[in-house]
Amino acid sequence: MSGLIVTNPPKADAKDVEAVGAYGVATVHEAMGRTGLLGTHLRPNQQGTRVAGTAVTVLSWPGDNLMIHAAVEQCGEGDILVVTTTSPSSDGMFGELFATALQRRGVRGLIINAGIRDTAELRDMGFPAWAAAVSPQGTVKATGGSVNVPVAIGGQIVRPGDVILADDDGVVCVPREGARRAAEASEARENKEAAARAAFIEGQLGLDRYGLRETLVRLGVTCQSYEEYVRGGAYERDGAQS
């Protein structure tokens, strides 16, 4: 497998990255039209952490972390390293020593579609990581790959310089050209949710706030008392089917 290292790719503006980082992954995902998620298999190594930064992408051979070493040189302040492999891998390709080198360069975290190790050390040093697996399995440094090329994770294309946002809910990718629009849409969504939250605190039901009673009627969902339900024989029928 040959490869390519691309230097100095375009990146989202730092102010736009900061603006996106003010919101949670779920909010940004919804605000972008329910797009951008990197799948449900990437889980955080820590809790209560949110990071936003620009992607430095790595495409590696399974069980081989040579290209992560190559990518460290391409990383800088405000970046997030995004690693995937050419075929599925759960090997522990990333650990404390990589995190030490990246932290020194101002990298904000790691997204890896493979395994990590030294998980306690990563938490202790405050280096956030989202991974598909945890494994002590070691790796080699023997096969070429690529850095700063488009990669695919969970059906989502991540390009170098795109905005990566990660928190306890997962990871979302925001195209670098759309970062400002995503932040503005997220602000509007958060304001809308704040109004709904206040209404729910006052006792309003979602059925009424969102006009869902009409939806239930349109779908043919009916309402009856328990006594009517029993008299109609549905209780026995539903019980037999459960």
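Residues numbered from 1 in each chain as written. Predicted model: local features only at pLDDT ≥ 70, side-chain atom pairs only at ≥ 80, totals over all residues. Heavy atoms only, no water.

A. Representation of helix H6 (residues 179-201). For H6, built from 23 residues, the straight-helix expectation of 33 Å at 1.5 Å per residue is met to within 8% by its first-to-last C-alpha distance of 32 Å. Considered for burial, the residues of H6 that qualify are Ala 179, Ala 182, Ala 183, Ser 186, Ala 196 and Ala 199. Contacts made by the buried residues of H6 are with helix H1 (14-20), helix H2 (25-31), strand E10 (163-167), strand E11 (170-174) and helix H7 (206-209). Just past H6, the residue Gly 203 takes up positive phi, approximately 105°. (Helix = DSSP H or I, 4+ residues; strand = E, 2+ residues; numbered from the N terminus. Expected span 1.5 Å × (residues − 1). Buried < 20%, exposed > 50% of the residue type's maximum accessible area, 1.4 Å probe, protein only. Contact = heavy atoms within 4.5 Å.)

B. Quick peek at the environment of Thr 27. Its place among the elements puts Thr 27 in helix H2. When the C-alpha positions of Thr 27 and Leu 216 are compared, they lie 26 Å apart, and in sequence the two are 189 residues distant. When neighbours within four sequence positions are excluded, Thr 27 is seen to be in contact with Ser 186, Arg 189 and Glu 193.

C. Highlighting the environment of Leu 38. Here Leu 38 lies in the loop between H2 and strand E1 (43-44). A C-alpha to C-alpha distance of 5.8 Å links Leu 38 and Gln 156, two positions 118 residues apart in sequence. Aside from chain neighbours lying at most four places away, what touches Leu 38 is Ile 111, Ile 153, Gly 154, Gln 156, Val 158, Val 171, Val 172 and Cys 173.

D. Focus on the side chain of Asp 162. Mapped onto the elements, Asp 162 comes out in the loop between strand E9 (156-158) and E10. From its side chain, Asp 162 meets the backbone nitrogen of Arg 176 in a polar contact 3.0 Å long. Not counting the four nearest positions on each side in its chain, Asp 162 is found in contact with Gly 53, Thr 54, Ala 55, Ile 157, Cys 173, Val 174, Pro 175 and Arg 176. (Polar contact = N/O pair within 3.5 Å; in protein donor to acceptor, adjacent residues only side chain to side chain.)

E. Just a nonpolar patch on the surface, in detail. Taken together, the side chains of Phe 200, Leu 205, Leu 207, Tyr 210, Leu 212, Leu 216, Leu 219 and Val 221 present a nonpolar region at the surface, about 690 Å² in accessible area. With respect to the helices, strands and loops of the structure, Leu 205 is situated in the loop between H6 and H7. On the accessibility criterion, Leu 205 (45% relative accessible area) is partly exposed. (Patch = residues over 30% accessible without salt bridge, like charges linked within 9 Å, V, L, I, M, F, W, Y side chains within 5 Å. Areas by Shrake-Rupley, 256 points an atom, 1.4 Å probe, with all protein chains shown as cover. Salt bridge = Lys/Arg side-chain N within 4 Å of Asp/Glu carboxyl O.)

F. Structural view of the nonpolar core. Of all hydrophobic cores here, the largest spans 25 residues; its most connected members are Leu 81, Phe 94, Leu 110 and Ile 112. If one sorts the elements of this core by residue count, helix H3 (residues 66-72) sits on top with five residues. For Leu 110, the residues in contact, after removing those within four places along its chain, are Ile 80, Leu 81, Val 83, Phe 94, Ile 116, Phe 127, Pro 128, Ala 129 and Trp 130. Ranked by size, the runner-up nonpolar core spans 16 residues in total, among them Leu 38, Val 149, Ile 153 and Ile 164. (Core = buried A, V, L, I, M, F, W, Y, C linked by side-chain atoms within 4.5 Å.)

G. Representation of the packing of aromatic side chains in the model. A complete count under the given rule lists three aromatic pairs for this structure. Ring geometry for Phe 94 versus Phe 98: centroids 5.5 Å apart, planes at 20°, classification stacked. Residue Phe 94 shares its accessibility class with Phe 98, and that shared class is buried. The interplanar angle of 85° and the centroid separation of 6.2 Å between the aromatic rings of Phe 200 and Tyr 210 together place this pair among those described as edge-to-face. Taken as a pair, Phe 200 in helix H6 and Tyr 210 in the loop between H7 and helix H8 (212-218) lie far apart in primary sequence, 10 residues in all. (Phe/Tyr/Trp six-rings, centres within 6.5 Å; stacked < 30°, edge-to-face > 60°.)

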